[in-house]
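What follows is each chain in one-letter form.
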Amino acid sequence: MTNSLALRLGPRSITTIAATSLVGIVAFGWPLIAAPTSSVVAHATDAPWLFAIVIPLLLAVVVSSFTDGGMDAKAIALLGVLAAVVAVLRPLGGGTAGLEPIWVVLVLGGRALGPGFGFVLGAVALFSSALLTGGVGPWLPFQMLGAAWVGLGAGLLPRATGRPELVLLAAYGAAASFAYGLLLNLWFWPFVANLPAALAFTPGAPIVENLLSWVRFTLLTSLGYDIPRAVLTVTLILIAGAPILNALRRVSRRAVFDPQPTFVPAP
Amino acid sequence: MTGSLFHLPRWLHPAAWWIWALGLATAASRTTNPLLLALVIAVAALVVSARKPDAPWGRSFKFFLRLGVVVIVIRVGVQLIFGAAFGTTVLLDLPGVTSPSWLAGVRLGGDITFESLLLAFYDGLRLATILICIGAANSLVSPSRLLKSVPAALYEFGVSVVVAMTFTPQLVADVDRVRTARRLRGRPTTGVRAIAGAAMPVFEGALEKSVTLAAAMDSRGYGRRGTIRAAQRRMNSALLLIGLVAACIGTYALIAAGSPMALGLPMLIVGVAVCITSITWSARTAVRTRYRPDPWALPENLVAGAGIMIAISFLAASWVSMPGLDTPSNPPTWPALPLLPLLGLLIATTPALTAPELPRTKVAQPRSIEVAA
Amino acid sequence: MINFEHVSITYPGATEPVLAGVNLQIPAGELVLVVGRTGSGKTTLLRAINGLVPHFTGGTLTGRILVDGRDTATNPPRELADLVGMVPQDPMSGFVADTVEEELAYGMECLGLAADVMRRRVEETLDLLGLADLRNRPLLSLSAGQRQRVAIGSVLTSHPKVLVLDEPTSALDPGAAEDVLAALQRLVHDLNVTVVMAEHRLERVVQYADRIVIVPGDGESIISGTPSEMMGNSPIAPPVVELGRLAGWQPLPLTVRDARRAAGPLRELLIGHAAPLRIIKGERDATPLTITEKLTVRYGDVAALRNVSITITRGEIVALMGRNGAGKSTLLSTMVGLKPTSAGIVRTNGKDPREIKGPELVHSVGLVPQDPGDLLEASTVAGECRSSDHDASVEPGTTRALLALLAPEVMDGVHPRDLSEGQRLLLALAIVLAARPPLLLLDEPTRGLDYPTKARLVKVLRELAATGHGIVLATHDVELAAEVATRVIVLAEGEVVADGPTQAVVLASPMFAPQVAKILAPEDWLTVSEVRTAMIEQVG
């Protein structure tokens, strides 16, 4: 069974994804990696807003780098349909202990349709479900980038089939959805002012100290969301992963991404 | 204010509402004065109630109001549990617990002072106000109109989001139909198993529809583009590369120690701007046009202008460190009402009048579609 | 306008071509009807016209297809979008925008037309197809007929010279179908558009066609000609043609009007022969299978059914007819308890169907829904059959055996979604019949079915009725109703407006009368086979 890639990764799109991801890592991780004397630390409360503007612009560049030569109607339509599936699934777990079944779609979608598709799917899916529920806010760019990484990573997993593949995907799903929770903690953490020093982001403090504070902050606040989310993702992938993957692969065969029409003049 | 434009009901350009709402949010981010923040919320609520469409997304303002309350409660709660108390007015003396040393000995509970709670409340209120301003934009702007005005470079992205938005109500209806159809096979129609059983056929059906949809889009000319000269293409690619490299350098400079200020933020901004230029130029080869685009006319200028004015008034007040923008909580003082921000707030209410009324057409109500045909 | 020159098409991975050696010339301004079994390559032929095959699907095209002088080899579908308008089988699945007006403009936006041109063409098209009242409506809220007209309108705004339609009337009631066909005819006559359309329901479309193309399938070469040439010896033909052939009329009439003018001698011949009364054969069991009394069902403030009182007994085949949205599906759903009643009572097998649970329901009533796929959840046909045996708690293998009788060609390992529409229907029917419910309900069973599959269905239904099943069909297919129904119920706006023996009801209605009845009126003949039997008696 050959897996056709719904979106071809060319040098152009690889470069833009790489650059966007670099900026994205800083956007999420600056409280932990920025030098204490750097200018971003000096403007700690404005930094999240800055990145909330920069990231969507860079994501736009990524999407547009695909469209320039690669994004055909099939990919667009499939993207829209899968994003609709996410939009339906998302309110199901809304608020209840982080039980978001959407990770299954993002992980399996990225796996079956390739890393490029996974990346764009993550961004498009989170954006359209936010539009539908009226949930557009400063958190959205960070969610989009996080979900895009989850989809991208799923597409880059090593080859496997059958049971091992499901186990691999379940392990990845657990790790990815857990990591997503940790990352999203990071972006608003500097905001939460007046935490006790042991939990708070302290601009200018040594990196190790901030890292420990962040770990403690996560343990105390969001672990109750992140663990159930990871457990749900693993359970769903193990139970429903195989049929969903089959359905995605069926449609990718049926759609014939990258068809190679040949024309032979009449003899 | 003359011109029939104001009497002619129409939809305001989505970008105008967003500029106005972001202006309000920017203003709110510059103050902790509870009176000013309350006034910002009041302005948002007033304009939303005057110009909100009767559609599902129109109700999201209430959701954001509730979210705002939650944010304040959490913020005050965090203060109650973890907060280091300061000030002199002790309200309550909770038994304090010091967490184990691996959690760095965080002290939980303990004295609760009025001053510290007030600070937490102000801080929470500010974040809540910013969220409520964004909620105002969410409820004023029709998502499909917003998508109609995405720039050409993001056209494909816009199309897939439109597809997602039209598919979602269909999917909900399909799941419902297939779930009830399980009854015809003597299977249960309620519970998790029923929904899970119905989900797979609907999912597969939806995937198949995507192929039909793609064929229809292809047949209707989706993705037509003109020719682009090789030189122009190389130029665009080069620009993109330069922009990306610049953005990365700028970002690095932001977090690196001792890098000159000029290398950080300006470099990042220039890099991103160059990237945007490149994709905008690439998109010029597309032959697409827009059907009845939302015009940008006087009302749009007035609404967007009102947003910019309130942002400027607060930023200016903060620049000159005008008293009253920040309300000290230790010792508690009655908040003042500085004049310049008040003026800005007054201007920010004008969209309730200057934005045109909405046309009286029935808006999509996807949930009421009947499958009785 | 359209030239196929020695065209053969092979899909990727296939060894045999779907179409081989096709030579076809279609002049401008003709309305061409493409006829053929399911799976014969008809859709491939249509999709080759705008290059979807092979640009979209992959595969090899030998020979050359020229549309208005443009070669599809060098012009992918998007470059032909201004020339060929393609209307897919299910209009809803081809919509890109969310409101009528936006959908009409979408194609023009892709072509990059100027704003004022787009505005003008949208207005023209709204008027041309009678859609002006619907311009701001969300596409989801439209009826099937309205959706079909919007789908046609959405390709017309690009002013194509060729319009290609795949089964445009299959989901429509007779009235809506006529509206759509009239609109197409107007395009051909007034705007010189070339229309190529595939359709199974010949009785609806033959009279509009200037040319008929028969795609026989199995690699045999296609044939084309004028309708009267082609209908003279076509294996499939509408009743008007079959009657003409039976009576030996020359030239062969294609319209009811022409046939009526030729039918004088036949009417005289049949004098003294009464059309057979449709009587209920088999078990005469007076106990009703289902009863409704003053049944009312409301959706919000719309009443889908008002005061419906009917009784269905064993051995009956009842055709439930009426416009799209008249309440047919609602009535069927209420009989199995899918929908709650607002007032009145419904009793199936003596019980309120909403109270019957699980397996007991399956054993008392079966419903094949409009989309039979709604019943299918497994990933193979065999798996579906096994779970059906389990659901109905019957001997393992029962469903598979039934399926083998209904559709012997269906293989075990196939995914149900890869079956043709007809095969899917028969699979759903086998599942429903596994529990031997005395009452069988079918919602639009012949949508998209070709003639052979329809004939098979008719045979199955007759046998079931003969063994004492009661059957209710909701259908738009007047010929099917005339063929099998012992009784016809007509619904309009949720009310029963006619209920009686088939002859009495359909003869009184111009909309629901079959072609034979229209030709031989005022005699009460309904089908060609009835007439044939009478003529054989006459001769013999």
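Positions within a chain are numbered from 1, following the residues in the order the chain's sequence is written. Lettering for chains starts from A, numbering for ligands starts from 1, and both go in the order in which the items are written. Local features in this predicted model are restricted to residues of pLDDT 70 or higher, and side-chain atom pairs are both shown and tallied only at a pLDDT of 80 or more, whereas totals for entire chains, interfaces and linings draw on every residue. Hydrogen atoms and water are omitted, and side-chain values are computed over all heavy atoms in the structure.

**Q** Requested: an account of the interface of chain B and chain A, with residues and values cited.
**A** Contact between two residues is taken to exist if any of their heavy atoms lie within 4.5 Å; hydrogens are not considered. In this assembly, 74 residues from chain B lie in contact with 75 residues from chain A. Accessible area that two parts lose when put together, evaluated with a 1.4 Å probe and summed over both, is termed the buried area. Buried surface at the junction of chain B and chain A, both sides included, amounts to about 6200 Å², of which 79% is carbon and sulfur. When a carboxyl oxygen of Asp or Glu lies within 4 Å of a side-chain nitrogen of Lys or Arg, that pair is called a salt bridge. Counting across the chain B and chain A interface gives two salt bridges. A salt bridge links Glu208(B) to Arg250(A), with the nearest nitrogen and oxygen atoms 3.3 Å apart. Here a polar contact is recorded for every N or O atom pair within 3.5 Å, except that within protein the pair must consist of a potential hydrogen donor and a potential acceptor, and residues adjacent in sequence are included only if both atoms are side-chain atoms. The tally of links from chain B across to chain A stands at three residue pairs in polar contact (both at pLDDT 80 or more). Residue assignment for the side of chain B that touches chain A shows that the elements contributing at least two residues are helix 3 (60-82), helix 4 (114-140), helix 5 (143-148), helix 6 (155-181), helix 7 (192-219), helix 8 (230-255) and helix 9 (265-283) of chain B. A helix here means a DSSP run of H or I that spans at least four residues, while a strand means a run of E at least two residues long, and both kinds are numbered starting from the N terminus.

**Q** Describe in detail the packing of helix 1 (residues 14-29) of chain B against helix 2 (residues 34-51) of chain B, supporting the description with residues and values.
**A** All names here are of chain B. Each axis is a line fitted through C-alpha atoms, and for a helix only the stretch in contact is used; angles between axes span 0 to 180 degrees, taken between their N-to-C directions. The geometry of helix 1 relative to helix 2 is characterised by a closest axis approach of 9 Å and an angle of 165° between their N-to-C directions. Our classification of the angle between helix 1 and helix 2 gives roughly antiparallel. In this structure, helix 1 meets helix 2 at a crossing whose hand is left-handed. In this structure, helix 1 contributes Trp 17, Trp 20, Leu 24 and Ala 28 to the contact, and helix 2 contributes Leu 37, Val 40, Val 43, Ala 44, Val 47 and Arg 51. The labels follow the angle: roughly parallel below 35 degrees, roughly antiparallel above 145, roughly perpendicular from 65 to 115, and oblique for the rest. The hand of a helix crossing depends on one turn: near helix anticlockwise from the far one by less than a right angle means left-handed, and clockwise means right-handed.

**Q** Tell me about the environment of Pro188(B), and name the residues and values.
**A** Residue and element names in this part refer to chain B. For Pro 188, the position within the fold is in the loop between helix 6 and helix 7. The sequence separation of Pro 188 and Ala 173 amounts to 15 residues, and the corresponding C-alpha distance is 18 Å. Not counting the four nearest positions on each side in its chain, Pro 188 is found in contact with Arg 182 and Ala 194.

**Q** Let's hear about the pairing of strand 19 (residues 495-501) of chain C: which residues, and what values?
**A** All names here are of chain C. Any two strands between which DSSP finds at least two bridges are classified as paired. The sheet contact formed by strand 18 (residues 487-492) and strand 19 spans six bridges and is antiparallel. The residue of strand 19 that forms the bridge with Arg 487 is Pro 501. Remark: two residues form the turn of the hairpin made by strand 18 and strand 19, two consecutive strands paired antiparallel; Glu 493 in that turn has positive phi of roughly 45°.

**Q** Break down a nonpolar patch on the surface for me, citing the residues and quoting the values.
**A** All names here are of chain B. Patches in this entry comprise residues that are over 30% relatively accessible and not in a salt bridge; like charges within 9 Å are linked, as are nonpolar side chains (Val, Leu, Ile, Met, Phe, Trp, Tyr) within 5 Å. Areas reported here follow the Shrake-Rupley algorithm with a probe of radius 1.4 Å; residue values treat only the protein chains shown as occluding. Together, Ile 19, Trp 296, Ile 308, Met 309 and Ile 312 make up a nonpolar patch on the protein surface, roughly 440 Å² of accessible area in all. It is helix 10 (residues 298-319) that provides the largest number of residues to the nonpolar patch, a total of three residues. As for its position among the elements, Ile 308 is in helix 10.

**Q** Account for the packing of aromatic side chains, naming residues and giving values.
**A** The criterion for an aromatic pair is that two Phe, Tyr or Trp rings (for Trp, the six-membered ring) have centres within 6.5 Å, with stacked assigned to planes under 30 degrees apart, edge-to-face to planes over 60 apart and tilted to the rest. Overall, the coordinates contain 12 aromatic pairs over all chains when judged by the stated rule. Ring centres of Phe142(A) and Trp187(A) lie 4.7 Å apart, and the angle between their planes is 10°; on these two criteria the pair is classed as stacked. Separated by 45 residues along the polypeptide, Phe142(A) in helix 7 (residues 140-156) and Trp187(A) in helix 8 (residues 162-188) bring together distant segments of the chain. Any residue under 20% of the maximum accessible area for its type is buried, any over 50% is exposed, and the rest in between are partly exposed; the area is computed with a 1.4 Å probe on protein chains only. Given a relative accessible area of 0%, Phe142(A) falls into the buried group. Seen in terms of ring centroids, Phe121(B) and Tyr122(B) are 6.3 Å apart; in terms of plane orientation they differ by 55°. Their pairing is tilted.

Treat this as a map of the structure, not an account of what it does.
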